[in-house]
Amino acid sequence: MKRTPLQNVGLYALVIVIVLQAVFPFYYAILTSLEDGQALFEVNYLPEQVNLANYRSMLTEGVFGRQILNSVFVATVVVLISLTLAVTASYALSRIRFRGRGLLLLTILSVSMFPQIAVLSGLFEVIRYFGLFNSLWALVFSYMIFTLPFTVWVLTAFMRNLPVEIEEAAIMDGASSLTIIRRVFLPLMWPAMVTTGLLAFIHAWNEFLFALTFLSTDSQRTVPVAIALISGRSEFEIPWGNIMAASVIVTLPLVMLVLVFQRKIVSGLTAGAVKG
Amino acid sequence: MATVELINVSKSFGSVEVLHDVNLSLERGEFVVFVGPSGCGKSTLLRMIAGLEDITSGELRIADVAMNNVMPAKRGIAMVFQSYALYPHMTAFENMAFGLEQAKLPSDEIRERVISAARMLQIDELLDRKPKQLSGGQRQRVAIGRAITRDPRVFLFDEPLSNLDAALRVDTRLEIAALHERLPETTMIYVTHDQVEAMTLADRIVVLNEGNIEQVGTPMALYEAPASLFVAGFIGSPRMNFLTGTVADAHGAQTYGIRPEHIALSRETGDWQGRVMLTERLGSDTFVHVAVEGVGRVNVRVEGRTDISARADVFLTPDPASVHLFDAGGRPVARRG
């Protein structure tokens, strides 16, 4: 069906509205981060100066570099452990018949239903008990409460859709369960793993409440908390330039990750990898 | 010498028994076809031999060794799946080599075996392609090649032709027959619901119905002397005419069976008079469906072409030597006289 010119105009108008709504806040953050001094407080929509002073001060003064590394460490470890556990768990949940499988799946799902704030105080006690307070492992531990149910569910659904015959062929070929997962399922599950891994990474990267509660010293903090706690020389000054520069710095890795893996996700899904 | 023996083998899923006390013995090098309607248990039986399903009770022996609790890969069997079940991310070569790698064979021997199997199947040009770059027939060959490289004692086929289109199905059927010629030592078990595949490929056919073996025999034995009403109806295409009522009563039976090819059709004279309802012209044969008063609807084969058309009056004469009689329980009854 051919669109009339009017419909075309409407379509693109809508696209522009959506793109603006999504991109403008970030664009404005970039704009602000490149300005300093009084220029910050003049409203402008096009870059008027390019001043990297905010970036320089964020990266050289204080512990922001260290905090980025903290975030990278926590998010990466969360993704790795979640995926490892989720792949093996989803194999069991999708392929091995055992009593209480449905109940177990529901239990896993229900874990992620609790609001963070509801489990916060109890979790705080647990973390104190294990001696993890002010350690990055406290975050790894607590983030998995939310990333695992999600990764397990998605991967279980995906694995259920893989033909059983491929697995049976591997059994006939003499492959052990671990070999089947490693050599047969993993290569087929890349698209699903990249997607869930990415979402788990983003969740761990952005998480605020646990990071605020379980870490107490500046050098241990992750970036969302670090940015929120950036303060100026006096309590009446909010250093917008620095905050915006930091925000841009921590957003870029996510954008890059999504761009890099997006090709993989799309190519993986369209290759018809599952169809024998 | 028997390679595969099933002794009182039963299978239950929960409280439902799907196979009842199956006893079967297959000779070495035999091509045996399990045939039956969907849900008759033929695939389950094959999967039990493969080791993909547990055996609820009874014993499975391969080459005189009990195999009930032996891992599938250690049973000396190979299987070709209905959907080929190739590993989509591996090339044809890697697909065929995977099992040998698992068996920890040296890599030059793996190479040699894969290449010789590929030559046999004429896919040696395609070894570095992935399954999605292959046509259905080529995938089928890779799947068969993967089974050959394992050098099995017993070759299992689970409806290997049902995903192919009609023309390719006939070609592949001939190739499987040729493969059996080339591997005379290998026992082959082939599951299908298509009785034409069963008749053309098998040395012996095992007809299954509702978890029981109805009859075991050569294709011609099944055709000429079906041991039950079920086998009589299942083997032969188009199926045997089953007539009840006065015709059967006259012979002291419940059901009177006669194949379409064993009835003579004439315009002048015959035992039964009837009116043509429908003709199906296949070129080589014509099937004429005739409604016979007091007998029922009868399908008759006429060789070649015929100008008989619907509503014509014709006479039919069944060949008395080819009549099959069955009692109320579906068991055969001897012909009188």
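Residues numbered from 1 in each chain as written. Chains lettered and ligands numbered in written order. Predicted model: local features only at pLDDT ≥ 70, side-chain atom pairs only at ≥ 80, totals over all residues.

Student: Got a sec to walk through the overall build of chain B? Specific residues and values, please.
Tutor: Helix and strand content of chain B: nine helices and 19 strands. Seen along its three principal axes, the alpha-carbon backbone of chain B occupies a region of about 75 × 45 × 35 Å. Out of the 337 residues in chain B, the part that is buried amounts to 39%. Considering only contacts within chain B whose residues lie at least 6 apart along the sequence, 63% involve residues at least 24 apart. (Helix = DSSP H or I, 4+ residues; strand = E, 2+ residues; numbered from the N terminus. Buried ≥ 20, exposed ≤ 12 C-beta atoms within 10 Å, placed from the backbone. Contact = placed C-beta atoms within 7 Å.)

Student: A description of the overall build of chain A should follow, citing residues and the corresponding values.
Tutor: Counting secondary structure elements, chain A contains 11 helices and zero strands. Starting at the N terminus, the α and β elements of chain A follow one another as α-α-α-α-α-α-α-α-α-α-α. The principal-axis extent of the C-alpha atoms belonging to chain A is close to 70 × 65 × 30 Å. Within chain A, residue pairs in contact and separated by at least 24 positions form 77% of the contacts whose partners lie at least 6 positions apart.

Student: With reference to specific residues and values, describe the sheet that holds strand S14 (residues 272-281) of chain B.
Tutor: Residues and elements named next belong to chain B. Pairing is antiparallel across the open sheet formed by five strands, whose spatial order is S13-S17-S14-S15-S16. Where the open sheet ends on each side, the last strands, each with one partner, are strand S13 (263-266) and strand S16 (296-303). Averaged over neighbouring strand pairs, the angle between their axes works out to 45° when direction is ignored. Pairing of S14 with strand S15 (residues 285-292) involves seven bridges; the strand directions are antiparallel. (Pairing = 2+ DSSP bridges. Axes fitted to C-alpha atoms, helices over the stretch in contact; angles between N-to-C directions.)

Student: How would you sum up the pairing of strand S6 (residues 77-80) of chain B? Please name residues and give values.
Tutor: All names here are of chain B. Burial along S6 is two-sided: Ile-77 and Met-79 and Ala-78 and Val-80, pointing in opposite directions, are all buried. Pairing of S6 with strand S7 (residues 154-158) involves four bridges; the strand directions are parallel. When the bridges of S7 are listed, Met-79 appears paired with Leu-156.

Student: I'd love a proper account of the confidence of the model for chain B, names of residues and values included.
Tutor: Residue and element names in this part refer to chain B. For chain B, the mean per-residue pLDDT works out to 90, and 99% of the residues sit at or above 70. The element-level mean pLDDT for chain B is lowest in helix H9 (residues 246-250), coming to 87, with strand S3 (residues 31-35) highest at 95. Here the predicted complex carries an ipTM of 0.82, next to a pTM of 0.78. (pLDDT = per-residue confidence, 0-100.)

Student: Give me the interface of chain B and chain A: which residues, what numbers.
Tutor: Residue-level contacts link 20 residues of chain B with 18 residues of chain A. Mapped by element, the contributors of at least two residues to the side of chain B that touches chain A are S6 and helix H2 (92-102) of chain B. The greatest single-element share of the side of chain B that touches chain A, amounting to three residues, is contributed by H2 of chain B.

Student: I'd like a rundown of the packing of helix H3 (residues 107-120) of chain B against helix H4 (residues 136-149) of chain B, residues and numbers included.
Tutor: All names here are of chain B. Running from N to C, H3 and H4 cross one another at 135°; their axes reach a closest spacing of 9 Å. As judged from the angle between their axes, H3 and H4 are oblique. Pair H3 / H4 crosses with right-handed handedness. Between H3 and H4, the residues in contact are Arg-113, Val-114, Ala-117, Ala-118 and Met-120 and Gly-145, Ile-148 and Thr-149, respectively. Broken down by class, the residue content of the contact of H3 with H4 amounts to five nonpolar, two polar and one charged. (Parallel < 35°, antiparallel > 145°, perpendicular 65-115°, else oblique. Left-handed = near helix turned anticlockwise from the far one by under 90°. Nonpolar A, V, L, I, M, F, W, Y, C, P; charged D, E, K, R; others polar.)

Student: Give me the packing of helix H4 (residues 101-111) of chain A against helix H6 (residues 136-160) of chain A: which residues, what numbers.
Tutor: Residue and element names in this part refer to chain A. Viewed as axis vectors pointing N to C, H4 and H6 meet at an angle of 140°, and their least axial separation amounts to 8 Å. Between H4 and H6, the angle is such that the two are oblique. As for how H4 packs across H6, the hand of that crossing is left-handed. Packed against H4, whose contacting residues are Ile-108, Leu-109 and Val-111, the element H6 presents Ile-145, Pro-149, Val-152 and Trp-153 at the interface. Here the contact of H4 with H6 is composed, by residue class, of seven nonpolar, no polar and no charged.

Student: Summarise unusual backbone geometry; cite the residues concerned and give the values.
Tutor: Each neighbour pair has its own omega, and for Ser-237 of chain B with Pro-238 of chain B the value is -5°, a cis peptide bond. Even without glycine at this site, Glu-159 of chain B takes up a positive phi of about 40°.

Student: Which residues make up the environment of Glu-159 of chain B, and what values go with them?
Tutor: Looking at where Glu-159 of chain B falls in the secondary structure, it is placed in the loop between S7 and helix H5 (166-182). Expressed as a C-alpha distance, the spacing of Glu-159 of chain B and Lys-74 of chain B, which sit 85 residues apart in the sequence, is 23 Å.

Student: An account of the sheet that holds S6 of chain B is needed here, citing residue identities and associated values.
Tutor: All names here are of chain B. With mixed pairing, six strands are arranged side by side in an open sheet as S6-S7-S8-S3-S9-S10. With one partner strand each, in any of the chains shown, S6 and strand S10 (212-217) form the two edges of the open sheet. Neighbour-to-neighbour, the strand axes of this sheet turn through a mean angle of 20°, independent of strand direction. Here S3 pairs with strand S8 (residues 187-192) via five bridges, running parallel. Considered in S8, the bridge of Phe-34 is made with Val-191.

Student: Please give an account of the environment of Val-300 of chain B that cites residues and values.
Tutor: All names here are of chain B. Relative to the assigned elements, Val-300 resides in strand S16. Sequence separation of Val-300 and Leu-52 is 248 residues, and the distance between their C-alpha atoms is 44 Å. Apart from residues no more than four positions distant in its own chain, Val-300 is found in contact with Pro-260, Ile-263, Leu-265, Val-288, Val-290 and Leu-316.

Student: Describe the nonpolar core, and please don't skip the residues or the numbers.
Tutor: Core analysis: the biggest nonpolar cluster contains 145 residues, and Val-33, Ile-49 and Leu-156 of chain B have the highest contact counts within it. At 12 residues, helix H8 (residues 177-206) of chain A tops the list of elements feeding residues into this core. Among residues more than four places away in sequence, those in contact with Leu-156 of chain B are Leu-46, Ile-49, Ala-50, Ile-77, Ala-78, Met-79 and Ile-189 of chain B. (Core = buried A, V, L, I, M, F, W, Y, C linked by C-beta atoms within 7 Å.)

Student: Could you give an account of the pairing of strand S17 (residues 313-318) of chain B, with specific residues and numbers?
Tutor: All names here are of chain B. Taking every second residue as pointing to the same face, the buried face of S17 carries Val-314, Leu-316 and Pro-318, while none of Asp-313, Phe-315 and Thr-317 on the other face is buried. Of the pairings in the sheet, the one linking S13 to S17 comprises four bridges and is antiparallel in character. Across the sheet, Ser-266 pairs through a bridge with Phe-315, a residue of S17. Pairing geometry for S14 and S17, over four bridges, is antiparallel. By the bridge assignment for S17, Gly-274 is matched with Val-314.

Student: Which residues make up helix H7 (residues 164-172) of chain A, and what values do they have?
Tutor: All of the buried residues along H7 of chain A are Ile-166, Glu-167, Glu-168, Ala-169, Ala-170 and Met-172 of chain A. One or two steps after H7 of chain A, the chain reaches Gly-174 of chain A, where phi turns positive at roughly 90°.

Student: Help me get a handle on the environment of Arg-95 of chain A, residues and values and all.
Tutor: Residues and elements named next belong to chain A. If you trace the backbone, Arg-95 turns up in helix H3 (residues 64-95). The exposure class of Arg-95 is partly exposed, given the 17 C-beta atoms found within 10 Å. Sequence separation of Arg-95 and Leu-188 is 93 residues, and the distance between their C-alpha atoms is 16 Å.

Student: I'd love a proper account of the confidence of the model for chain A, names of residues and values included.
Tutor: Summing up the model confidence of chain A, the mean pLDDT is 86 and the portion of residues at 70 or higher is 95%. Here residues 270-276 of chain A scores under 50 on pLDDT; set against residues more than four positions off or in separate chains, the count is 18 contacts.

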